[in-house]
Amino acid sequence: MTQQPGDTPRDWLDVATKELRGKDVESLTWHTPEGIDVKPLYTQADLENIDHLGTLPGIHPYLRGPKATMYAGRPWTIRQYAGFSTAEESNRFYRQALAGGQRGLSVAFDLATHRGYDSDHPRVVGDVGMAGVAIDSVEDMKILFDGIPLNEMSVSMTMNGAVVPVLASFIVAGQEQGHKISELSGTIQNDILKEFMVRNTYIYPPEPSMRIVADIIDFTAREMPKYNSISISGYHMQEAGANLVQELAFTLADGREYVRAAIAKGMNVDEFAPRLSFFFCIGMNFFMESAKLRAARLLWSRIMEEFEPQNSKSSMLRTHCQTSGVSLQEQDPYNNVVRTAFEAMSAALGGTQSLHTNSFDEAIALPSDMAARIARNTQLILQHETGITNVVDPLAGSYYVESLTSELANEAWKLIEEVETLGGMTKAVATGMPKQRIEEAAAKKQAAIDKGDEVIVGVNKFRPTAEPLIDIREIDNSAVREAQVARLKRIRRDRDQQACDAALEALTNIGASGKGNILEAAIEAARARASVGEMSSALEKAFGRHKAEVMTIKGVYGAENDDEAYHSVEEHIREFTKKLGHKPRILVVKMGQDGHDRGAKVIATAFTDLGFDVHVGPLFQTPEEAVALAIEKDVDIIGISSHAAGHKTLAPMLLKELASNDAADKIVICGGVIPQQDYDFLTKAGVKAIFGPGTNIPKAADALIDLLRERLRGKNI
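Residues numbered from 1 in each chain as written. Predicted model: local features only at pLDDT ≥ 70, side-chain atom pairs only at ≥ 80, totals over all residues. Heavy atoms only, no water.

### Digging into the overall build of the protein
Thought 1: When you go through the protein residue by residue, the secondary structure sums to 28 helices and 16 strands.
Thought 2: Since a compact globule built from 717 residues should have a radius of gyration of about 27 Å, the 26 Å found for the protein is in line with a globular shape.
Thought 3: Taken along the three principal axes of its C-alpha coordinates, the protein extends 85 × 75 × 50 Å.
Thought 4: Taking all 717 residues of the protein together, the buried fraction comes to 60%.
Thought 5: Taking the intrachain contacts of the protein between residues at least 6 apart in sequence as the baseline, contacts between residues at least 24 apart amount to 79%.
Thought 6: Approximately 28700 Å² of the protein is accessible, and the part contributed by carbon and sulfur atoms is 51%.
Thought 7: Here the protein contributes 77 positively and 97 negatively charged side chains, and the mean placements of these two sets differ by 2 Å. (Helix = DSSP H or I, 4+ residues; strand = E, 2+ residues; numbered from the N terminus. Rg over C-alpha atoms; globule rule 2.2 N^0.38 Å. Buried < 20%, exposed > 50% of the residue type's maximum accessible area, 1.4 Å probe, protein only. Contact = heavy atoms within 4.5 Å. Areas by Shrake-Rupley, 256 points an atom, 1.4 Å probe, with all protein chains shown as cover. Lys, Arg positive; Asp, Glu negative; His and termini not counted. Charge placed at Lys NZ, Arg CZ, Asp CG, Glu CD.)

Have a look at this one:
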């Protein structure tokens, strides 16, 4: 075919310039948060220096997929992440989902379980059963999978902190169903480095935590050939604010560190590497998310060359994906159905091996049955109605996607190499570098949203005139806790206490001595009916419990804001500071075992830049500890950040504690994932303002100044 007039990039530039009426075409370039400039036009010329073109699926470097036929041979696994309340309730939900077309289970545990506390521990009063299922022992695990044969069903478990007792309890539950350990299949997340960076459901310090990771890899490689010993997770990094280069680089750097840890334990790379898996978040940058998965496979094959594997499967990156939770919005919530569908298609076009699609109501509460069905059917429609499963890697050869894949790989590799200069990911995490970079990215993103530079339909543009009230799933925290405590009492009454104590002592000794396999010892403790909390405490005697240093950033949010609205709020705060005699003081607190601190950290940096004196409490505080700190710092406002549904229990406890300490004049506000249905309850309890997802931070700051003015008027100041 001969070239026609008007077919060259130069011709396009002429036409585009005329359409823009003299404006520079460069103004159409999109400067992404990753530092990648996306041009308005890509051509064959953009592929000239890309060396991965021409690769094939199922063949090194696996960029186009780890399997030769991909979905044309078999579609991805629909693996919905779910768990709430009691094991009985979650079991009912699982059975319903499996009957509706789901093909694998993915278990969400409550935060008490994540942090290694039994349901009767005083620190978890508001956490039991609220953001996942409460699991205290083997007996709970057996109920969770009642009627679900564990020799046939692949089970993924998102667990990192209490990974040893939870996996041990799962194994014993499988055995007591009548199955061999070798028959059990699924995945345990077991990715502790990520927890120190973002999600914070750690228990022990980094070094013993890495030993636990290696022991699990070792045991499963020997005894559980169908089981994935680790799911190296970037998901929570993106949810915490990481851009896509950071998510890609830090996730793969974590993976490299885990491989080194297993090899240091004496394992051959091919004994365990084929069972490593990954877990990525899929947000709203449609093509770049697909390119990210392609780049991840390319880079992982490059990283694995360092370890000289002989088995080709050792170099294949296999991944589960989940649509973004942060992209879900409280405002105009039915838009979330559309967002999730686009994100799901992006993951499929990128070549994921399994997928969870979020329910549209998850920005507000745990998913309802109806919302979960829509989320599951989103995947069924993609698989059966769109035709995307008929072609392997349909985006291959795209000028734009191949260019993005190359740029992401190059930028991520630079960051991976920077981690290497720090001595690897464990040492990088100890310096705080990854955590700081992610928090900076989160602050920049929030500034872009607040300014309206990043449009979110229904939130900062095209807002509805009225918000629909949707049905939500509510959990009776007190009832769940009572049921769990009663079952714990029965287990402790009926077990052989001497055998249980001996198994727990053996677990502590193996942890302290550095000899033997920790998971192997925990299985015996679980069989003796030691609880999750007791096994965690046994290891805590050997390792101690990790306490993170509170670190905040400043200047990033303010540097991104140069608009009139932002400076107007700054001026209001300056004027009020003169009247008050000091900067308005606010304490941001996270109570219970909720470690999701993106919102708290973004608020802290933004309010600091606006002119507040901000104090951030340590994670996992009790209401009593939060009030003591508020009094010590003499703050005017206490801001409760809630992400895991504990607010109806913990906020009233904090208010009662303030009153008993003659500090009821302090203003208490709440922010985070809080359903509209809870607003009246919190207001009646004494909360003065509630800020849900999508809140504009400068407007929220202005609202707090109004509350402080009102308080001063009440004191006649």
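Still more ground to cover, so stick around.
### A short note on the packing of helix α3 (residues 87-99) against helix α14 (residues 369-385)
Thought 1: For the pair α3 and α14, interaxial distance at closest approach is 11 Å and the crossing angle is 35°. Note that α3 runs across α14; the crossing there is right-handed. Across the interface between the two elements, Arg92, Phe93, Gln96 and Ala97 from α3 touch Asp369, Ala372 and Arg376 from α14.
Thought 2: Classifying every residue of the contact of α3 with α14 gives 3 nonpolar, 1 polar and 3 charged. (Axes fitted to C-alpha atoms, helices over the stretch in contact; angles between N-to-C directions. Left-handed = near helix turned anticlockwise from the far one by under 90°. Nonpolar A, V, L, I, M, F, W, Y, C, P; charged D, E, K, R; others polar.)

### A word on the pattern of salt bridges
Thought 1: Considering all chains together, one arrives at 54 salt bridges under this definition.
Thought 2: In this structure, Arg92 engages Asp369 in a salt bridge whose closest nitrogen and oxygen atoms are separated by 3.9 Å. Here the residue Arg92 occupies a position in helix α3, and Asp369 occupies one in helix α14, the gap between them amounting to 277 residues.
Thought 3: The partly exposed category is assigned to Arg92, whose relative accessible area is 33%.
Thought 4: The class for Asp369 is partly exposed, based on a relative accessible area of 29%. (Salt bridge = Lys/Arg side-chain N within 4 Å of Asp/Glu carboxyl O.)

### Describing a negative patch on the surface
Thought 1: There is a patch of like negative charges on the surface, built from Asp24, Glu26, Asp37 and Glu407.
Thought 2: With respect to the helices and strands, Asp24 occurs in the loop between α1 (9-19) and β1 (30-31). (Patch = residues over 30% accessible without salt bridge, like charges linked within 9 Å, V, L, I, M, F, W, Y side chains within 5 Å.)

### Thoughts on helix α10 (residues 244-264)
Thought 1: The first and last C-alpha atoms of α10 sit 30 Å apart over 21 residues, in line with the 30 Å expected at 1.5 Å per residue.
Thought 2: With 18 of its 21 residues buried, α10 lies for the most part within the structure.
Thought 3: Of the residues one or two after α10, Gly266 is the one with positive phi, at around 100°. (Expected span 1.5 Å × (residues − 1).)

### A word on the sheet that holds strand β13 (residues 613-616)
Thought 1: The parallel open sheet is built from 5 strands, whose spatial order is β13-β12-β14-β15-β16. Single-partner strands in this sheet number two, and they are β13 and β16 (689-691). Across the sheet, the axes of successive neighbouring strands diverge by a mean angle of 20°, strand direction being ignored.
Thought 2: Relative to strand β14 (residues 637-642), strand β12 (residues 585-589) is paired through 4 bridges, and the arrangement is parallel. Within β14, the residue paired with Ile586 across the bridge is Ile637.
Thought 3: Sheet contacts for helix α25 (residues 623-633): β12, β13 and β14; angle to β12, the most-contacted strand, approximately 160°.
Thought 4: Each of β14 and β15 (667-672) touches helix α26 (residues 647-660); the most contacted strand, β14, lies at about 160° to it. (Pairing = 2+ DSSP bridges.)

### A look at the pairing of strand β4 (residues 104-107)
Thought 1: Here β4 shows a buried face lined by Gly104 and Ser106 and a second buried face lined by Leu105 and Val107.
Thought 2: Relative to strand β5 (residues 155-157), β4 is paired through 3 bridges, and the arrangement is parallel. Within β5, the residue paired with Leu105 across the bridge is Val155.

### Some points on the nonpolar core
Thought 1: Counting 82 residues, the largest nonpolar core has Leu248, Phe250, Leu252, Phe272, Trp300, Leu408 and Met425 as the members making the most contacts within it.
Thought 2: Other than its neighbours up to four places away in sequence, Phe250 contacts Met197, Met237, Leu415, Val419, Met425, Met433, Pro434 and Ile438.
Thought 3: Grouped together as the second largest cluster of nonpolar side chains are 68 residues, Met130, Ile148, Cys500 and Ile523 included. (Core = buried A, V, L, I, M, F, W, Y, C linked by side-chain atoms within 4.5 Å.)

### Section: the side chain of Lys292
Thought 1: Secondary-structure assignment places Lys292 in helix α12 (residues 286-304).
Thought 2: Those residues within four positions of Lys292 in sequence are excluded, and the remaining contacts are Gln238, Leu244, Glu247, Leu248, Phe280, Cys281, Ile282 and Leu408.

### Overview of the packing of helix α17 (residues 433-451) against helix α24 (residues 598-610)
Thought 1: Contact geometry for α17 and α24: axes closest at 10 Å, N-to-C directions at 70°. Taken as axis vectors, α17 and α24 run roughly perpendicular relative to one another. Contacts from Lys435, Glu439, Ala442, Ala443, Lys445 and Gln446 in α17 reach Arg598, Lys601, Val602 and Thr605 in α24. (Parallel < 35°, antiparallel > 145°, perpendicular 65-115°, else oblique.)

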